[in-house]
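Notes for the structure review
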Amino acid sequence: MQNKLKKVIKIENLNFGYDKNLVLENIDLDVFESDFLGIIGPNGSGKTTLIKLMLGILSPTSGKISILDENPKKAQEKISYVPQFGQMEKSFPIKAKSVVEMGLCGKKSFLPWTKKEDIVKIEKAMKHVDILDLAEKPFGELSGGQQQRCLIARAIVSEPKILLLDEPTASVDSSVEEDIFKLLKKLNNEITIILISHDIGFISSYVNRIACVNKNLVCHNVDDMKIDNIMKDSYSNEVSIIHHKCGL
Ligand SMILES: Nc1ncnc2c1ncn2[C@@H]1O[C@H](COP(=O)(O)OP(=O)(O)OP(=O)(O)O)[C@@H](O)[C@H]1O
Ligand SMILES: [Mg+2]
């Protein structure tokens, strides 16, 4: 079925090292339009590096990445990023709606006021993640989950085709985590989503594919994993166990 879908990311024989030691080696990956791809792997295994290569922040040592048939640097307007939680100053004295507006930075005119069409986009993005009523509140006064929704709104306000998230639920509790994943699942109807997580048991209920990164990359369809390996335990959530050879 995936063969009929549009390929939005193509990575071929990619190698990358910050110095002469490779952090990522022989990576091949196709991502399709409707994918909700989870990336897992131990600390320091190269997950964030892989995302930075997709964003065009880093360039491959060798091999090729194309985003919507373009070089990642040229495709930057079509791909958006929610960085690891905590990287933004949480007490920053700025309203929630202004945080969302920051997502239009590259596209904004230099007018000192916000254009009407941009206001419409900001309100649409905030409505999409269900925080429109918090628009005038200072960002620092929002709860962790509301702040994360606000950062997702900032990432989608420019209407990207692909959304990358680096551990979006690392510092929120499990009920907020579930809310955010439900929100991402809804967004996935319109946007390709790639998300780094440490919580494989949790993400396998939401994503359709999981890429295990540990210098190399091995990709699994969640459905295939379920046929082989899911056990239901006495908890309400499904627990999945993956048996494969990539050592994670
Ligand atoms: N700017 C940098 N310069 C040199 N080495 C780096 C740089 N950024 C990351 N590294 C190294 O590259 C390797 C991969 O780092 P990366 O941040 O991609 O890992 P990660 O899988 O995202 O880890 P984590 O789960 O802890 O976020 C690590 O060994 C790290 O120390
Ligand atoms: Mg990381």
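Residues numbered from 1 in each chain as written. Chains lettered and ligands numbered in written order. Predicted model: local features only at pLDDT ≥ 70, side-chain atom pairs only at ≥ 80, totals over all residues.

Notes on the sheet that holds strand β3 (residues 36-40)
Pairing is mixed across the open sheet formed by six strands, whose spatial order is β5-β6-β7-β3-β8-β9. Each edge of the open sheet carries a strand with a single partner, namely β5 (79-82) and β9 (216-221). Strand-to-strand twist of the sheet, defined as the mean angle between neighbouring strand axes without regard to direction, takes the value 20°. Both strand β8 (residues 209-214) and β9 contribute to a ladder of six bridges, which runs antiparallel. When the sheet's bridge partners are listed, I210 is paired in β9 with H220. Seen against the sheet, helix α1 (residues 47-55) touches β3, β5, β6 (162-166), β7 (192-196) and β8 and runs at an angle of roughly 155° to β6. (Pairing = 2+ DSSP bridges. Helix = DSSP H or I, 4+ residues; strand = E, 2+ residues; numbered from the N terminus. Axes fitted to C-alpha atoms, helices over the stretch in contact; angles between N-to-C directions. Contact = placed C-beta atoms within 7 Å.)

Some details on the nonpolar core
Grouped together as the largest cluster of nonpolar side chains are 63 residues, with contacts concentrated most on I39, M54, V100, A153 and L164. Of all the elements, helix α4 (residues 144-156) adds the most residues to this core, at six residues. Residues contacting A153, with those up to four places away along its chain left out, are V100, A125, M126, H128, V129 and I131. (Core = buried A, V, L, I, M, F, W, Y, C linked by C-beta atoms within 7 Å. Buried ≥ 20, exposed ≤ 12 C-beta atoms within 10 Å, placed from the backbone.)

Considerations on the environment of D19
By the secondary structure assignment, D19 is in the loop between β1 (7-16) and β2 (24-32). Linking D19 and T61, residues 42 residues apart in sequence, is a C-alpha distance of 9.7 Å.

Examining the environment of K10
For K10, the position within the fold is in strand β1. Given 15 C-beta atoms within a 10 Å radius, K10 is considered partly exposed. Once the C-alpha coordinates of K10 and S66 are considered, the two residues, 56 residues apart in sequence, prove to be 5.2 Å apart. Excluding residues that lie within four positions of it along the chain, K10 makes contacts with D30 and S66.

Details of the sheet that holds strand β4 (residues 62-67)
The three strands are arranged β2-β1-β4 in an open sheet whose pairing can be described as antiparallel. Of all strands in the sheet, those with a lone pairing partner are β2 and β4, marking the two edges. Taken pair by pair, the neighbouring strands of this sheet meet at an average axis angle of 10°, ignoring direction. With six bridges joining them, β1 and β2 adopt antiparallel strand pairing. Bridge pairing in β2 places K10 opposite D30.

With respect to the environment of N216
By secondary structure assignment, the location of N216 is in strand β9. Owing to 16 C-beta atoms within 10 Å, N216 belongs among the partly exposed residues under this scheme.

Bear in mind that shape data such as this cannot, by itself, settle questions of function.
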